[in-house]
Amino acid sequence: MRERRGVRGKADRPEASVTSDGAEPEAPHTSRNVLYVDDDPQQLRVVQKLLAREADQVHVALDPHRALEMIESTEFALFIADFRMPGMDGIRFLERVATVQPDARRILISGHASFDTAIRAINRAGIFRLLTKPWSGPDFRSSVRQALLQYRYVRENQAFAARLDDANSRLRDMNRRLDAMVGERTSALLLSLCSALDLRDTETQWHSRRVALYARRLAVEAGLSPYEQIDVERGALLHDIGKIGVPDAILLKPGKLTEEEWVRMRTHCDLGARILAGIPFLDDARLLVRQHHERWDGKGYSRGLRGGQICIGARIFAVIDAYDAITSDRPYRPAADHDAAVAEIAKNRGTQFDPTIVNAFLRIPRADLEEIRRMAQQADDVPEG
């Protein structure tokens, strides 16, 4: 027998309220629409009247198939369905709506609420509550009120999570911008330091700036990631920073260095790495500084590394350093042209240089390298203020 009474009276008033009409305060833009499905028209009218003050709108449907059409255009906070209906039972209906509006709460009403029915409803439809007939008005309204409140909390949590994710995203963007700003200012400081070093060693004036730009271009050609490209550029810029610790008598000596002086000169790789120690964002660049005089065949210094033991940045730098040295004027010889430098590098592929890196270097158009040299020269020509 279907419930007909218990829809009015003092017992039907909300047990707790904070607003004048007894409704729980709702978050803005949170749906409180209810859809009730039952094949009994009179029962639909009773429920519509019973829930008039609990929901924004109470939609009803005699046919579960018609109800499925309704959910395509309306957001519902709660679905209520009778268990026994022709064509589709309430569990199947609630199971279907759960796939379309999964956040909505679901209540099943049954006059035959066996344990098996409850298990099926929970497992298949994820129901919020199972009500048995005959139900009382207060219990029914209380269940609906709790379901709507739970739906509100779910949506508020989702909105809060979305705002939190957005805030985290904006914080990550801000951190990236700050990192970029710090990186730019640090790079400018490093460039000034390296320019001072180049001025000290007049034989290789502006060498650090050029090889940094060359190395970045070769890193791109070799397929390194943007972050790796930056590390290579910084390492190339800083490769001779250890020469700060080399006495002028050795660094600026016009003649041939003695064996003892060469030993001292070669310490600049390790000294440069020690200078950069403790600066986390320069860790990879620091490795290039330490290894920039290693050779592919193991005959370099300061550790005699060979092949893949040498970091990719140092292998790139070895090719670039040779190219810049060959195409730059020296007191003891004039600069050679691009073709001569390329031929010399190709000849030493597999001995002094990593063959794969040499192949990548040979793919770089001559115009690109000439443009880099021109850009470096323009920077050098800026008049003093």
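Thresholds applied
Residues numbered from 1 in each chain as written. Predicted model: local features only at pLDDT ≥ 70, side-chain atom pairs only at ≥ 80, totals over all residues. Heavy atoms only, no water. Helix = DSSP H or I, 4+ residues; strand = E, 2+ residues; numbered from the N terminus. Buried < 20%, exposed > 50% of the residue type's maximum accessible area, 1.4 Å probe, protein only. Contact = heavy atoms within 4.5 Å. Areas by Shrake-Rupley, 256 points an atom, 1.4 Å probe, with all protein chains shown as cover. 1 Å grid on protein atoms, 1.4 Å probe; cavity = no way out; pocket = protein on both sides within 12 Å on 5 of 7 lines; lining within 4 Å. Points joined across faces, edges and corners; volume = space filled by probe spheres on them. Nonpolar A, V, L, I, M, F, W, Y, C, P; charged D, E, K, R; others polar. Pairing = 2+ DSSP bridges. Right-handed = clockwise from strand over helix to strand, strands pointing away. Phe/Tyr/Trp six-rings, centres within 6.5 Å; stacked < 30°, edge-to-face > 60°. Lys NZ or Arg CZ within 6 Å of the ring centre and 35° of its normal. Core = buried A, V, L, I, M, F, W, Y, C linked by side-chain atoms within 4.5 Å. Polar contact = N/O pair within 3.5 Å; in protein donor to acceptor, adjacent residues only side chain to side chain. Axes fitted to C-alpha atoms, helices over the stretch in contact; angles between N-to-C directions. Parallel < 35°, antiparallel > 145°, perpendicular 65-115°, else oblique. Left-handed = near helix turned anticlockwise from the far one by under 90°. Expected span 1.5 Å × (residues − 1).

**Q** Would you explain the overall build of the protein in this entry?
**A** Of the regular secondary structure elements, the protein holds 15 helices and 5 strands. Within the protein, the proportion of its 385 residues that are buried is 44%. Sequence-distant contacts in the protein: of pairs separated by 6 or more residues, those separated by 24 or more amount to 62%. With an accessible surface of roughly 20500 Å², the protein has 53% of that area assigned to carbon and sulfur atoms.

**Q** Please clarify how the layout of surface pockets should be interpreted in this entry.
**A** Unoccupied space between atoms shows up once a probe the size of one water molecule is rolled over them. Taken as a whole, the second largest pocket holds about 400 Å³ of empty space. Taken together, 14 residues form the lining of the second largest pocket, with Asp179, Ala180, Tyr227, Ile230 and Arg234 sitting closest to its centre. Breaking the lining of the second largest pocket down by element, the ones donating at least two residues are α5 (137–200), α7 (226–237) and α11 (283–291). The element that contributes the greatest number of residues to the lining of the second largest pocket is α5, accounting for 7 residues. Looking at the lining of the second largest pocket, its residues break down into 5 nonpolar, 2 polar and 7 charged.

**Q** Whenever I open this one, the pairing of strand β1 (residues 34–37) confuses me. Can you help?
**A** Moving residue by residue along a regular strand, the side chains alternate between the two faces of the sheet. Side chains Val34 and Tyr36 of β1 all project onto a buried face; the interleaved residues Leu35 and Val37 project onto the opposite face, where all are buried too. When β1 meets strand β2 (residues 58–61), the two strands line up parallel, connected through 4 bridges. Residue pairing across strands places Tyr36 opposite Val60, the latter belonging to β2. Following the chain from β1 across helix α1 (residues 41–50) to the adjacent parallel β2, one finds a crossover that is right-handed. The sheet contact formed by β1 and strand β3 (residues 78–82) spans 4 bridges and is parallel. Bridge assignment links Tyr36 to a residue of β3, and that residue is Ile80.

**Q** Looking at this structure, how should I read the packing of aromatic side chains?
**A** The geometry of an aromatic ring pair comes down to the distance between the two centres and the angle between the two planes. Tallied over the entire structure, the rule returns 5 aromatic pairs. Aromatic pair Tyr214 and Tyr323: ring centres 5.4 Å apart, planes at 90°, arrangement edge-to-face. Pair noted here: Tyr214 is in helix α6 (residues 207–221) and Tyr323 is in helix α12 (residues 312–326), with a separation of 109 residues, a long-range link. Comparing Tyr214 with Tyr323 shows no difference in burial state: the two are buried. A network of ring pairs unites the aromatic residues Phe76, Phe79 and Phe93 as a single cluster. The residue whose ring lies beneath Arg266 is Tyr301, and the NZ or CZ to ring-centre distance is 5.1 Å.

**Q** Looking at this model, I keep getting lost on the nonpolar core. Mind explaining?
**A** Among soluble globular proteins, nonpolar side chains are generally buried collectively. Grouped together as the largest cluster of nonpolar side chains are 37 residues, with contacts concentrated most on Leu218, Ile316, Val319, Ile320, Ile345 and Phe361. For this core, the secondary structure elements donating two or more residues are α6, α7, α11, α12, α13 (338–347), α14 (355–363) and α15 (366–380). Per-element tally for this core: the top contributor is α12, with 8 residues. Among all residues touching Ile320, those that are not within four sequence positions of it are Val211, Tyr214, Ala215, Leu218 and Phe361. Counting residues in hydrophobic clusters, the runner-up holds 22 residues, among them Met85, Met88, Leu108 and Ala121.

**Q** Looking at this structure, I do not really get the side chain of Ser328. What am I missing?
**A** Inspection of the secondary structure assignment puts Ser328 in the loop between α12 and α13. There is a polar contact of 2.6 Å between the side chain of Ser328 and the backbone oxygen of Asp324.

**Q** Looking at this structure, how should I read the packing of α6 against α12?
**A** Put simply, α6 and α12 touch, their axes get as near as 9 Å, and they point 130° apart. Between α6 and α12, the angle is such that the two are oblique. Helix-helix and strand crossings are classified by hand; for α6 and α12 the assignment is right-handed. Of α12, the residues touching α6 (which contributes His207, Arg210, Val211, Tyr214, Ala215, Leu218 and Ala219) are Ile316, Phe317, Val319, Ile320, Asp321, Tyr323 and Asp324. Here the contact of α6 with α12 is composed, by residue class, of 10 nonpolar, 1 polar and 3 charged.

**Q** Would you mind going over α12 with me for this structure?
**A** Each full turn of the α-helix corresponds to 3.6 residues, which orients residues three or four apart in the same direction. For α12, spanning 15 residues, the distance from its first C-alpha to its last is 22 Å, which sits close to the expected 21 Å at 1.5 Å a residue. In terms of burial, α12 is a largely internal element, 13 of the 15 residues being buried.

**Q** Can you help me understand the sheet that holds β1 in this one?
**A** Strand pairing within a sheet occurs via backbone hydrogen bonds; the two strands may be parallel or antiparallel. In spatial order, the strands read β2-β1-β3-β4-β5; together these 5 strands make up an open sheet with parallel pairing. One side of each edge strand has no neighbouring strand; the edge strands of this open sheet are β2 and β5 (129–132). Each strand axis lies, on average, 20° off the axis of its neighbour in the sheet, ignoring direction. Relative to strand β4 (residues 105–110), helix α3 (residues 90–100) is tilted by about 175°, and along the sheet it contacts β1, β3 and β4.

**Q** Got a minute to help me understand α6 in this structure?
**A** Look at α6: 21 Å from first C-alpha to last across 15 residues, which is about the 21 Å you get at 1.5 Å a residue. With respect to burial, α6 is a largely interior element, 11 of its 15 residues being buried. When we look at burial in α6, the residues that qualify are His207, Ser208, Arg209, Arg210, Val211, Ala212, Tyr214, Ala215, Arg217, Leu218 and Ala219.

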